[in-house]
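So the chains spell out like this:
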Amino acid sequence: MKVDPDTHPIVGKAPDGTVLTSAPQDTPVDRATAAARRVVNALLRTDRGNANLERVAEELNSIAEHLEEHAPEVEERLVDMWNGEGVTRHDPVAGPENAVAPPLVLTGRDDGSVEGVVTLTLPYQGPPGHVHGGVSALLLDHTLGVANAWAGRSGATAQLNVRYHRPTPLFVPLTVRGRLVSQDGAKINTVGDISTADGTVCVSVEALFVDKTIPRPRPR
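Analysis parameters
- Residues numbered from 1 in each chain as written.
- Predicted model: local features only at pLDDT ≥ 70, side-chain atom pairs only at ≥ 80, totals over all residues.
- Heavy atoms only, no water.
- Helix = DSSP H or I, 4+ residues; strand = E, 2+ residues; numbered from the N terminus.
- Buried < 20%, exposed > 50% of the residue type's maximum accessible area, 1.4 Å probe, protein only.
- Core = buried A, V, L, I, M, F, W, Y, C linked by side-chain atoms within 4.5 Å.
- Contact = heavy atoms within 4.5 Å.
- Pairing = 2+ DSSP bridges.
- Patch = residues over 30% accessible without salt bridge, like charges linked within 9 Å, V, L, I, M, F, W, Y side chains within 5 Å.
- Areas by Shrake-Rupley, 256 points an atom, 1.4 Å probe, with all protein chains shown as cover.
- Salt bridge = Lys/Arg side-chain N within 4 Å of Asp/Glu carboxyl O.

Student: Where do I start with the overall build of the protein chain in this structure?
Tutor: Per the secondary structure count, the protein chain includes four helices and seven strands. Reading the protein chain from its N terminus to its C terminus gives the helix and strand order β-α-α-α-β-β-α-β-β-β-β. Dimensions of the protein chain, computed from C-alpha atoms along their principal axes, come out at roughly 60 × 50 × 30 Å. Buried residues in the protein chain amount to 33% of all 220 residues.

Listed below in C-alpha cells is the structure:
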C-alpha cells in the first residue's frame, strides 16, 4: 500500500531530519503521561519498607477513578485515537500519550533510513541492568513500520527475525534504526538495529511486511 504524501512525510519529498512520530508537547495530556512514566519508574526504585506505599496506593487509585469517570466508551475512544490519516499519539513505542512508551522519537534521513535515540530505564529491564529482549523487538518492529512509511509504503508485520548480538544496556543512549531494503509485489523487506553510542550493535532484525493494513475505526 502506498503512503499518501499529503498525510505522511516521504523521503525525497520531505527534508532530512523530518520528525516522523509525535514528539511530546507541552500539553496537559503529555505532561500527565510523562508524570505517569515517572511514577512507574519511581515505584520500581523506591524503598519497599519506608515509602508509605499504602498512602501511595490510595492516591493512585483516586487518580485512576477520576480518569475513569471521564473515559468514554472504548469504541468511541478508538475512533478518537485513530482520527484522520496521519501519525497517531497512543502507540506503546513512540506515543507521547501512552505511559508505556519511552517514548522514542524517530526522524527520517535522506538515505531512506529512520532513526531515533532513547534511554531505557528499569521498567524495560529483562536481564539485570539490561533491556528485555521483547522490548527490543517491540522497538524495532515499530521503527521498521515507520521506515516503510518514510519509503512510501505501509503494511502489516508478517515476520521478524531478531538476532541478539549482546545484552542491550539500560541507562545509556541507544540508537534505533530501520530501513526498507526491497519490495517484491506485496512483500516489503526491511532491516534495522539497536546500537550503543559507540556504534556497537546489540540487536539486529530482518523483517517481512505484507501490503495489508487494518482500516482505522470511523464514526458510525
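Here the narrative resumes.
Student: Can you help me understand the nonpolar core in this one?
Tutor: The nonpolar side chains of soluble globular proteins are, as a tendency, buried together. By size, the foremost hydrophobic cluster in this structure holds 28 residues, and its most contacted members are Leu-120 and Ile-194. Of all the secondary-structure elements, those providing two or more residues to this core are strand 3 (113-119), helix 4 (133-150), strand 5 (173-184), strand 6 (187-196) and strand 7 (201-210). Ranked by the residues each element gives to this core, the list is headed by helix 4, at seven residues. The contact partners of Leu-120, leaving out residues within four places of it in the chain, are Pro-102, Val-131, Val-135, Leu-139, Leu-170, Phe-171 and Leu-174.

Student: Can you walk me through unusual backbone geometry in this structure?
Tutor: Most peptide bonds take the trans form, and the phi angle of most residues other than glycine is negative. Here the bond from Pro-102 into Pro-103 is cis, since omega is -10°, no more than 30 degrees from zero. Along the chain, Pro-103 turns up in the loop between helix 3 (74-81) and strand 2 (107-108). One non-glycine residue, Phe-171, lies in the positive phi region at around 70°. Along the chain, the position of Phe-171 falls in the loop between strand 4 (156-164) and strand 5.

Student: For this particular structure, what's the right way to read the sheet that holds strand 1 (residues 18-19)?
Tutor: Each strand in a sheet pairs with its neighbour through backbone hydrogen bonds, running either in the same direction (parallel) or in the opposite one (antiparallel). Spatially, seven strands are ordered 1-2-3-5-6-7-4 in an open sheet, and the strand pairing comes out antiparallel. The two strands at the open ends of the sheet, each matched to only one other strand, are strand 1 and strand 4.

Student: What is the right way to read a nonpolar patch on the surface from this model?
Tutor: On the surface, Val-39, Leu-43, Leu-53, Leu-60, Ile-63 and Leu-67 cluster together into a nonpolar patch covering about 460 Å² of accessible area. Mapped by element, the contributors of at least two residues to the nonpolar patch are helix 1 (28-45) and helix 2 (53-69). With four residues, helix 2 is the single largest residue contributor to the nonpolar patch. By secondary structure assignment, the location of Leu-43 is in helix 1.

Student: What should I look at first to understand the side chain of Thr-143 in this one?
Tutor: Looking at the element boundaries, Thr-143 is found in helix 4. Sequence-distant contacts of Thr-143, that is, excluding residues within four places in its chain, are made with Leu-104, Leu-106, Val-114, Val-176, Arg-177 and Gly-178.

Student: For this particular structure, what's the right way to read the pattern of salt bridges?
Tutor: Any two side chains of opposite charge can pair if their charged atoms end up close together. According to the stated counting rule, one finds ten salt bridges in the structure shown. As a salt-bridge pair, Arg-177 and Asp-193 come within 3.7 Å of each other at their nearest N and O atoms. Residue Arg-177 is located in strand 5, and its partner Asp-193 is located in strand 6; the two are separated by 16 residues in the primary sequence. Taking relative accessible area as the criterion, Arg-177 reaches 34% and is therefore assigned partly exposed. One network of salt bridges, with partners in common, ties together Asp-30, Arg-77, Asp-80, Arg-89 and Glu-97.

Student: I keep staring at the environment of Gly-112 and nothing clicks. Help me out?
Tutor: Mapping Gly-112 onto the fold places it in the loop between strand 2 and strand 3. Taking the relative accessible area as the measure of exposure, Gly-112 reaches 13% and is therefore buried. Considered as a pair, Gly-112 and Gly-152 are 40 residues apart in the sequence and their alpha carbons are 9.9 Å apart.

By themselves, these figures tell us nothing about what the structure is for.
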